[in-house]
Amino acid sequence: MRGRVKAPPFRIVLPEIYQIYRRAVTIMANSSSRFSARLLIERSAASIIIGLVFFWLAVNLVKSPSQFFQASVIGISNGVLYALIALGYTLVYGIIELINFAHGDLFMLGGLFAATFISVWFGQETPSTTGYGVFFLCLIAVMGFCATINVAIERFAYRRLRRAPKLAPLITAVGVSFIIQFIGIRWNGSGPRTWNSILPAGEFVVSGVHIPYTTIISFAVTIPLLILMTFIVTKTRRGKAMRATAQDADAARLMGIDVNKTIAFTFALGGALAGAAGLLFQQTRGVTNYNLGYQLGLIAFTSAVLGGIGNLSGAVLGAILIGLVQGLNDGLPIGLGQQWSQTVVFTILILLMVFRPTGLLGKPMVEKV
Amino acid sequence: MKKPSIKFNKTSKGKKEINKGFDQSKWIRGFTIAAVAIWIFYAFIVDLLPYVVSDFFQKWLPATTVNESLVWVICALGLNIVVGYAGLLDLGFVAFWAIGGYCAGWFMSDFFHQVNIHIGSMAPAEQPGIHLSFWGVLFIGALICAAFGVIIGAPTLRLKSDYLALVTLGFGEIIPQIFYNGENIGGFNLSNGSKGISPVDNIGLFGKKLGPFDLDWKYLIFVSLAALMVFISLRIRGGRLGRAWLAIREDELAASMMGVPLMRSKLAAYAVGAFSGGIGGVAFATHVNGVFADRFSFAISIILLAMVVLGGMGNVWGVIVGALSIAWVNSTGLPAFGETVNSALGTNINFPSYNFLLFGGILIFMMLYKREGLLPESRLKQILHEADDSTSNIGGH
């Protein structure tokens with residue numbers, strides 16, 4: 001049984017349930033002193049942490065502005081990549097409330113496919129006009145490839161478990177992730193492999209800050225994709241069906257929406273974005289490794305949670321922020337340094353879960369009863 | 001408040017099943033006989049056997065594999081309490097294993113050479129560092145882990161199940177990373193970084209020093225620890241706390257309505273689970289004679305989960321079977337099988353690299369076709385298939 005009040009039609013989240021929960025939380029917070037004490041502690045702890053972060057940023061900005069902006073550029077270009085992956089998590093979570101653990105590994109597979117496509121099948125090793133043509137061809141191919149795989153995973157692994165207890169699909173997703181990593185090991189070998197990029201290697205300098213061309217190309221690929229996806233989700237019939245299914249699958253079916261097809265389409269969309277991210281990563285960093293997907297997937301998931309999981313613009317915002325945090329932590333003179341980046345991101349994940357599980361843009365959520 | 005889980009169960013089957021845990025004498029006898037038989041076999045008989053047979057055992061089931069499997073059993077039983085009993089998905093169990101291991105590293109070696117503390121240890125008195133007795137470290141490690149379980153659990157247990165999984169995963173990543181990068185934390189060497197801490201002290205047993213190769217005696221220690229965990233698991237399960245866990249696993253809302261204290265019970269599950277993780281960690285450190293940060297990877301958490309899922313979530317015996325078989329396949333079975341196949345067919349296939357496929361495959365196929373595991377627990381079987389014929393969930397065919 002699900003609480004159902006009237007729903008604003010154009011959200012992928014489920015506002016009516018959140019409203020009920022929010023009311024419940026407010027009541028609890030007002031009625032019980034224990035709850036408000038906890039809220040007070042949480043609020044103050046959160047403000048102290050945020051204050052410290054800003055202090056850290058300010059100190060670094062004053063100390064060396066150029067390094068600060070350089071780190072920011074690197075961070076944002078990472079963040080754009082994370083955004084593409086995070087969207088896949090958030091789309092799938094929005095529609096079937098599954099943390100698709102295998103999504104990061106799909107990204108890794110996309111990178112491997114791109115490397116094979118460009119360097120092996122087409123033999124492109126250096127920047128050239130043909131190279132750019134192959135790059136765009138590969139973009140389409142890798143998006144199709146990852147979309148197909150994601151749909152297949154949904155069809156064969158997750159679909160049967162849609163009615164099962166939550167634990168089952170989650171464990172299955174972990175299993176799928178392991179199998180994709182196995183494919184990655186077979187395909188790529190058990191260590192990292194480097195590739196020549198067909199993107200131009202230069203950079204230009206804006207008042208002391210180096211901006212590589214690859215960053216610009218990442219933006220040039222990502223932004224149209226994001227616009228396209230927003231268009232699909234908000235303007236097309238398919239998008240409307242997606243949002244309806246996300247709100248209430250049973251009601252959507254009663255309205256004549258093919259729920260299975262819609263969910264498969266969502267997986268295809270997420271997979272395509274992961275594929276694009278794989279290509280961009282492989283071309284801008286020139287590295288593939290079977291466990292990249294696991295690491296980046298977790299970072300991207302953190303981004304999705306930071307933005308508010310289920311919320312599309314939130315995922316992009318969260319990804320840019322996480323990318324920034326990581327870039328700044330790596331590049332700033334006073335920072336923990338690269339070896340702690342991963343730890344910092346996971347700490348953010350945990351702090352978020354504790355203080356604000358709904359993320360920055362998300363609405364409060366509660367388990368469906 | 002009295003017996004929430006039994007009330008919730010429709011049939012009387014549940015009650016009978018719960019009481020099975022009280023039937024202690026049977027399993028203790030069986031367990032002891034099996035454990036002693038294996039001990040006698042490895043300590044005395046295997047050397048007397050003809051070379052072909054002892055070589056077979058050396059290749060397919062060496063004593064060190066038996067000991068290592070027992071460590072896995074201890075940890076899997078702990079994870080079983082969290083996942084199988086309380087129904088909380090924990091993807092970061094390796095954190096407890098790591099903390100337990102480093103407890104052994106800290107308190108049983110020369111690592112803190114600034115001080116010189118000796119309590120009940122077999123190490124020579126002039127050796128610097130903290131040297132506590134193995135049993136003391138076992139206890140300390142378990143308690144520290146239990147405390148960490150509560151610390152990790154306390155702020156996160158309000159979350160939905162899948163979020164909880166992610167937070168535990170985050171901890172499972174952070175804690176090994178802290179150990180890995182812990183060579184210089186503000187000038188303090190916490191963990192010796194990637195070099196790890198090695199060697200750790202010998203175990204003292206009845207005034208006898210157990211070196212790294214005293215596998216038979218260590219086997220006895222490990223098997224008793226595993227027995228302790230079985231005992232704890234079965235006893236708690238029959239008691240009020242265990243029934244509260246099962247109630248939470250089956251229906252959290254209903255359980256809280258019946259007066260089960262959700263937070264306290266879940267925290268207890270984390271604490272007991274982590275407790276066994278600590279024991280396993282200390283035991284493993286003495287087994288490999290050191291702690292090494294890069295061993296504590298996410299794969300360990302997943303392998304433990306696969307053990308619990310394969311054997312049958314919530315069923316102690318199932319988990320033991322799952323843990324023994326997967327640990328054996330992982331450490332000996334797959335390499336030995338690969339060696340045999342490669343030498344017989346003249347191929348060069350790297351069989352151990354297939355363990356990703358194996359564990360992924362186990363998780364998927366168990367979830368798709370036999371969600372309750374190989375040795376299912378009857379209550380859990382009902383719940384896991386209950387949802388199949390309900391219509392209240394999302395999507396569907």
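Rules and cut-offs
Residues numbered from 1 in each chain as written. Chains lettered and ligands numbered in written order. Predicted model: local features only at pLDDT ≥ 70, side-chain atom pairs only at ≥ 80, totals over all residues. Helix = DSSP H or I, 4+ residues; strand = E, 2+ residues; numbered from the N terminus. Buried ≥ 20, exposed ≤ 12 C-beta atoms within 10 Å, placed from the backbone. Contact = placed C-beta atoms within 7 Å. Expected span 1.5 Å × (residues − 1). Core = buried A, V, L, I, M, F, W, Y, C linked by C-beta atoms within 7 Å. Axes fitted to C-alpha atoms, helices over the stretch in contact; angles between N-to-C directions. Parallel < 35°, antiparallel > 145°, perpendicular 65-115°, else oblique. Left-handed = near helix turned anticlockwise from the far one by under 90°. Nonpolar A, V, L, I, M, F, W, Y, C, P; charged D, E, K, R; others polar. Pairing = 2+ DSSP bridges. pLDDT = per-residue confidence, 0-100.

## A short note on the overall build of chain B
A tally of helices and strands in chain B yields 16 helices and 4 strands. Taken over 397 residues, chain B has a buried fraction of 49%.

## Quick look at the overall build of chain A
Along chain A, the regular secondary structure elements total 13 helices and 4 strands. When each of the 369 residues of chain A is scored for burial, the buried share is 49%. Nonlocal contacts in chain A, meaning residues at least 24 apart in sequence, comprise 77% of its contacts between residues at least 6 apart.

## Examining helix α6 (residues 167-188) of chain A
One full turn of an α-helix is made of 3.6 residues, so residues set three or four places apart face in the same direction. With 22 residues, α6 of chain A extends 31 Å from end C-alpha to end C-alpha; this agrees with the ideal 32 Å at 1.5 Å per step. For α6 of chain A, a buried count of 18 out of 22 residues is recorded, marking the element as mostly surrounded by other parts of the structure.

## Some points on the nonpolar core
Of all hydrophobic cores here, the largest spans 231 residues; its most connected members are V142 and A276 of chain A together with I74, A76, A306 and M307 of chain B. Top contributing element to this core by residue count: helix α3 (residues 65-96) of chain A, with 16 residues.

## Re the environment of K370 of chain B
Residue and element names in this part refer to chain B. Position of K370 among the secondary structure elements: in the loop between α15 (355-369) and α16 (378-386). For K370, a count of 15 C-beta atoms within 10 Å puts it in the partly exposed group. A C-alpha to C-alpha distance of 28 Å links K370 and L157, two positions 213 residues apart in sequence.

## Describing the packing of helix α5 (residues 63-85) of chain B against helix α14 (residues 316-345) of chain B
Residues and elements named next belong to chain B. At a minimum axis separation of 8 Å, α5 and α14 run at an interaxial angle of 135°. As far as their axial angle goes, α14 and α5 are oblique. For the crossing formed where α5 meets α14, the hand is right-handed. Contacts between α5 and α14 pair T65, E68, S69, W72, V73, A76, L77, N80 and G84 from the former with V316, V319, I320, G322, A323, L324, A327, W328, S331 and T332 from the latter.

## Overview of the environment of R158 of chain B
Residue and element names in this part refer to chain B. Note that R158 resides in the loop between α7 (134-156) and α8 (161-180). Take R158: there are 15 C-beta atoms within 10 Å of it, and that puts it in the partly exposed class. Along the primary structure R158 and K266 are separated by 108 residues, whereas in three dimensions their C-alpha atoms are 9.8 Å apart.

## Focus on the packing of helix α5 (residues 129-158) of chain A against α6 of chain A
All names here are of chain A. The geometry of α5 relative to α6 is characterised by a closest axis approach of 11 Å and an angle of 130° between their N-to-C directions. Looking at the two axes, α5 sits oblique to α6. Once α5 is placed against α6, the crossing between them reads as right-handed. Contacts from I153, A157 and Y158 in α5 reach P169, T172 and V176 in α6.

## Examining the interface of chain A and chain B
Counting residues at the interface gives 43 residues for chain A and 43 residues for chain B. Taken together, the elements giving at least two residues each to the side of chain A that touches chain B come down to α6, α10 (259-285) and α13 (341-355) of chain A. Ranked by residue count, the leading element in the side of chain A that touches chain B is α6 of chain A, at 13 residues. Residues of the side of chain A that touches chain B, tallied by class, amount to 29 nonpolar, 8 polar and 6 charged.

## Focus: the pairing of strand β2 (residues 129-132) of chain B
Residue and element names in this part refer to chain B. Taking every second residue as pointing to the same face, both faces of β2 are buried, with G129 and H131 on one and I130 and L132 on the other. Both strand β1 (residues 116-119) and β2 contribute to a ladder of 4 bridges, which runs parallel. Within β2, the residue paired with I117 across the bridge is I130.

## Structural notes on the confidence of the model for chain B
Residues and elements named next belong to chain B. Overall, the prediction assigns chain B a mean pLDDT of 81, with 89% of residues at 70 or greater. Scored below 50 in pLDDT, residues 1-16 shows 23 contacts in the model against residues more than four places distant or in partner chains. Low pLDDT, under 50, characterises residues 390-397; the stretch is placed with 16 contacts to residues that sit more than four places away or in other chains. Of the two predicted TM-score estimates for the complex, the pTM is 0.82 and the ipTM is 0.78.

## Some points on unusual backbone geometry
With phi around 55°, E97 of chain A is a residue other than glycine that occupies positive phi space. Here E97 of chain A lies in the loop between α3 and α4 (103-121). Residue E97 of chain A is classed as buried on the basis of its C-beta count, with 22 C-beta atoms lying within 10 Å. Notably, N289 of chain B is not glycine yet its phi reads approximately 60°, a positive angle. Here N289 of chain B lies in the loop between α12 (262-288) and α13 (298-311).

## Considerations on the pairing of strand β2 (residues 203-206) of chain A
In the case of a regular strand, side chains alternate between the two sheet surfaces. All names here are of chain A. Bridge count for β2 against strand β3 (residues 209-212) is 4 bridges, and the pairing is antiparallel. Bridge pairing in β3 links V205 to H210. In textbook terms, the turn of a hairpin is the stretch between consecutive antiparallel strands, and for β2 and β3 this stretch comprises 2 residues, one of which, S207, has a positive phi near 40°.

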